[in-house]
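Structural overview for review
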Amino acid sequence: MAEATSTEKRCCRTRAVPARQPTMELDDALEMLSACTQGPAESAARHLAAAAKSQELRDLDELDAPEFTRPVGAALSSALQQVAPEDDAFVGHMLELAQRLDAFPEFSDAAAALAFDANVGGAALDRIEMLGAEADPTLRWLAHRSYQVGDASARARLRHTMGAVLSRAATSHERRAFEAAAKVLPLVEALVRGFETPLSSADKTLFSSVILPLHTVQGKISPTEPAIGLFHKELVQCVSAFVDKQPALVSSACQFLIKFWPTQWDGNSPKEVLFLHELEALLDHEDFANVIDDELVMQITKRLRVCLASDNSTVCERALIFWRNEVATNNLLGRSATSNEVVYSTAQPLLAHALTHWNKTVTVMAAHVVRKLLSGYESIVLSVAQESFLTKRDPERHLYALLSAIEAADERKAKAAEKQTAQATSVPAKQDTTFMNMILAEELGDGSFAQVFRALKV
């Protein structure tokens with residue numbers, strides 16, 4: 001038997017039926033794609049999209065041939081760079097085509113590397129930065145796919161582009177830059193999850209010079225939402241990905257948070273709440289106790305102490321919620337050299353401030369934390385009570401009485417709320433009411449068929 005040609009080998013490998021000749025529509029589309037580098041190539045995209053929807057692309061026996069894949073990449077890059085934001089529907093059309101192409105079994109990773117090269121991935125990232133939250137979600141898929149199939153050089157270019165987008169967001173004051181960071185950070189997280197361990201110096205530089213500086217974003221976009229809130233969830237997940245790869249980085253992350261913690265003069269308590277959430281997530285890491293030193297533990301304790309003494313109820317509540325996390329609190333209290341000092345520094349703001357806070361929810365939560373500390377460190381807490389309640393005849397007795405009063409008030413409030421809920425959901429008893437024991441009061445208005453009066457039961 002004669003040796004099979006390369007085209008026949010490809011058909012045997014990917015399909016069980018012989019390939020048909022390309023249709024005229026697809027030929028026209030390929031010809032138009034070849035010239036797309038000189039313009040937006042809208043017609044080419046529409047022809048190819050129509051072909052993809054009708055499954056005619058399966059008729060092309062060289063779906064991963066350079067003469068097809070390179071023009072596809074050029075069309076995508078051209079559209080992403082040249083099409084105006086108001087014509088984003090056209091870009092969505094192109095991205096739909098790209099996904100359809102990538103789904104075909106005949107479209108190999110080698111073909112994807114040509115069609116979705118670093119130019120395409122970079123153009124997708126640039127468009128995300130330009131449009132922010134309005135950017136098509138498929139752009140993120142395209143950038144990630146470009147990184148997946150790219151070689152070392154292409155990946156380095158894309159990492160540099162991602163880092164540039166995030167670095168500009170860290171120094172920006174525009175909402176769109178923060179929204180772009182929220183879309184790019186999940187890409188970086190996916191990249192980090194695939195890093196080899198131990199991390200290289202370039203990987204650590206990405207963490208210290210690009211990811212951590214995002215915490216320095218200042219300002220608020222509303223009275224209750226900080227600017228960093230637009231991407232903080234994605235930022236925490238990205239930091240966690242780095243820490244999972246190399247737990248020793250948790251120390252750098254905690255130190256950076258403490259260094260750039262918002263002060264009371266910043267007037268940004270919502271950002272404080274987000275930082276408290278992230279700090280708890282870091283302390284909740286299973287290797288936290290093995291990679292930090294006593295000095296960092298005390299720095300964290302001092303920061304929590306300031307939050308517990310805050311007049312802002314939201315900040316104080318979030319600091320108290322921290323003590324519900326058993327793993328995080330054990331990591332703070334589990335070091336014999338610092339445990340007593342941690343308890344002492346925590347009990348001081350609790351007894352002097354939180355137990356008498358103007359917000360009743362704070363007082364109840366503080367009472368629970370004090371009870372928790374009393375169960376394991378009673379002598380230290382009572383010594384703090386001696387200092388905090390100097391004007392009282394018996395400070396220890398006063399502390400327990402105060403805790404009991406707070407808990408009793410909370411219990412009464414809970415029972416009242418439970419009773420009110422039961423009354424609201426119960427079916428009212430049927431009233432024995434007739435026209436003979438009612439009188440009409442003032443007129444309420446005109447109905448569809450009659451006048452409406454308020455009736456009083458005699």
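Residues numbered from 1 in each chain as written. Predicted model: local features only at pLDDT ≥ 70, side-chain atom pairs only at ≥ 80, totals over all residues. Heavy atoms only, no water.

Turning our eyes to something else, we now look at the overall build of the protein. Within the protein, the regular secondary structure consists of 21 helices and 4 strands. Carbon and sulfur atoms make up 52% of the accessible area of the protein, which totals about 23800 Å². (Helix = DSSP H or I, 4+ residues; strand = E, 2+ residues; numbered from the N terminus. Areas by Shrake-Rupley, 256 points an atom, 1.4 Å probe, with all protein chains shown as cover.)

Per-residue pLDDT for the protein has a mean of 81; in total, 79% of the residues score no lower than 70. The low-confidence segment residues 1–41 (pLDDT under 50) makes 55 contacts with residues lying over four places distant or belonging to another chain. (pLDDT = per-residue confidence, 0-100. Contact = heavy atoms within 4.5 Å.)

Attention now moves to the pattern of salt bridges. The full count for this structure, using the stated rule, is 11 salt bridges. For the salt bridge of Asp-109 with Arg-145, the shortest nitrogen-to-oxygen distance reads 2.9 Å. Here Asp-109, found in helix α6 (residues 109–115), pairs with Arg-145, found in helix α8 (residues 138–149); they are 36 residues apart in sequence, far enough to count as distant. Its salt-bridge partner being Arg-193, residue Asp-244 comes within 3.0 Å of it at the nearest N-O pair. Highlighted residues: Asp-244 in helix α12 (residues 232–245) and Arg-193 in helix α10 (residues 175–193), separated in sequence by 51 residues. (Salt bridge = Lys/Arg side-chain N within 4 Å of Asp/Glu carboxyl O.)

This brings us to the packing of aromatic side chains. What the rule picks out here adds up to 7 aromatic pairs. Summarising the aromatic geometry, the rings of Phe-178 and Phe-231 are spaced 6.0 Å apart at their centres and angled 40° between planes, so their arrangement reads as tilted. Highlighted residues: Phe-178 in helix α10 and Phe-231 in the loop between β2 (225–226) and α12, separated in sequence by 53 residues. Accessibility classification places Phe-178 together with Phe-231 in one group, the buried group. Look at Phe-195 and Phe-242: their rings are 6.5 Å apart centre to centre, the planes differ by 65°, and that puts the pair in the edge-to-face class. Placement of Phe-195 in the loop between α10 and α11 (201–211) and of Phe-242 in helix α12 is noted, with a sequence separation of 47 residues between them. We classify Phe-195 as buried; its relative accessible area is 9%. Members of the aromatic cluster, joined through ring pairs, are Phe-195, Phe-207 and Phe-242. (Phe/Tyr/Trp six-rings, centres within 6.5 Å; stacked < 30°, edge-to-face > 60°. Buried < 20%, exposed > 50% of the residue type's maximum accessible area, 1.4 Å probe, protein only.)

Compared with an ideal rise of 1.5 Å per residue, which puts 19 residues at 27 Å, helix α9 (residues 152–170) spans 27 Å between its outermost C-alpha atoms and is within 8% of the ideal. Taken together, the buried positions of α9 are Ala-154, Leu-158, Thr-161, Met-162, Gly-163, Val-165, Leu-166, Ala-169 and Ala-170. (Expected span 1.5 Å × (residues − 1).)

Within the secondary structure, Ser-339 is located in helix α19 (residues 339–352). Every residue in contact with Ser-339, bar those within four places of it in the chain, is listed here: Leu-333 and Tyr-377.

Time to look at the packing of α10 against α12. Two numbers describe how α10 lies on α12: the axes approach to 9 Å, and their chain directions differ by 15°. Viewed along their axes, α10 and α12 adopt a mutual orientation that is roughly parallel. Along this stretch, α10 crosses α12, giving a crossing that reads as left-handed. Only Glu-234, Leu-235, Gln-237, Cys-238, Ser-240, Ala-241, Phe-242, Asp-244 and Lys-245 of α12 make contact with α10, whose side of the interface consists of Ala-182, Leu-185, Pro-186, Val-188, Glu-189, Val-192 and Arg-193. Considering only residue class, the contact of α10 with α12 consists of 9 nonpolar, 2 polar and 5 charged. (Axes fitted to C-alpha atoms, helices over the stretch in contact; angles between N-to-C directions. Parallel < 35°, antiparallel > 145°, perpendicular 65-115°, else oblique. Left-handed = near helix turned anticlockwise from the far one by under 90°. Nonpolar A, V, L, I, M, F, W, Y, C, P; charged D, E, K, R; others polar.)

By size, the foremost hydrophobic cluster in this structure holds 123 residues, and its most contacted members are Ile-211, Phe-231, Phe-242, Ile-300, Leu-350, Leu-355 and Leu-399. In this structure Leu-355 touches Leu-350, Thr-363, Ala-366, Ala-367, Val-370, Leu-399, Leu-402, Leu-403 and Ile-406, once residues within four positions along its chain are discounted. (Core = buried A, V, L, I, M, F, W, Y, C linked by side-chain atoms within 4.5 Å.)

By the element assignment, Gln-99 lies in helix α5 (residues 88–103). Spatially, the C-alpha atoms of Gln-99 and Trp-141 are 8.8 Å apart, while their sequence positions differ by 42 residues. Among residues more than four places away in sequence, those in contact with Gln-99 are Thr-138 and Trp-141.

It is at 11 Å that the axes of α11 and α12 come closest, and there the two elements cross at 150°. With respect to α12, the element α11 is oriented roughly antiparallel. Read as a crossing pair, α11 and α12 show a hand that is left-handed. On α12, the residues touching Asp-203, Leu-206, Phe-207 and Ile-211 of α11 are Leu-235, Cys-238, Val-239 and Phe-242. Looking at side-chain class alone, the contact of α11 with α12 contains 7 nonpolar, no polar and 1 charged residues.

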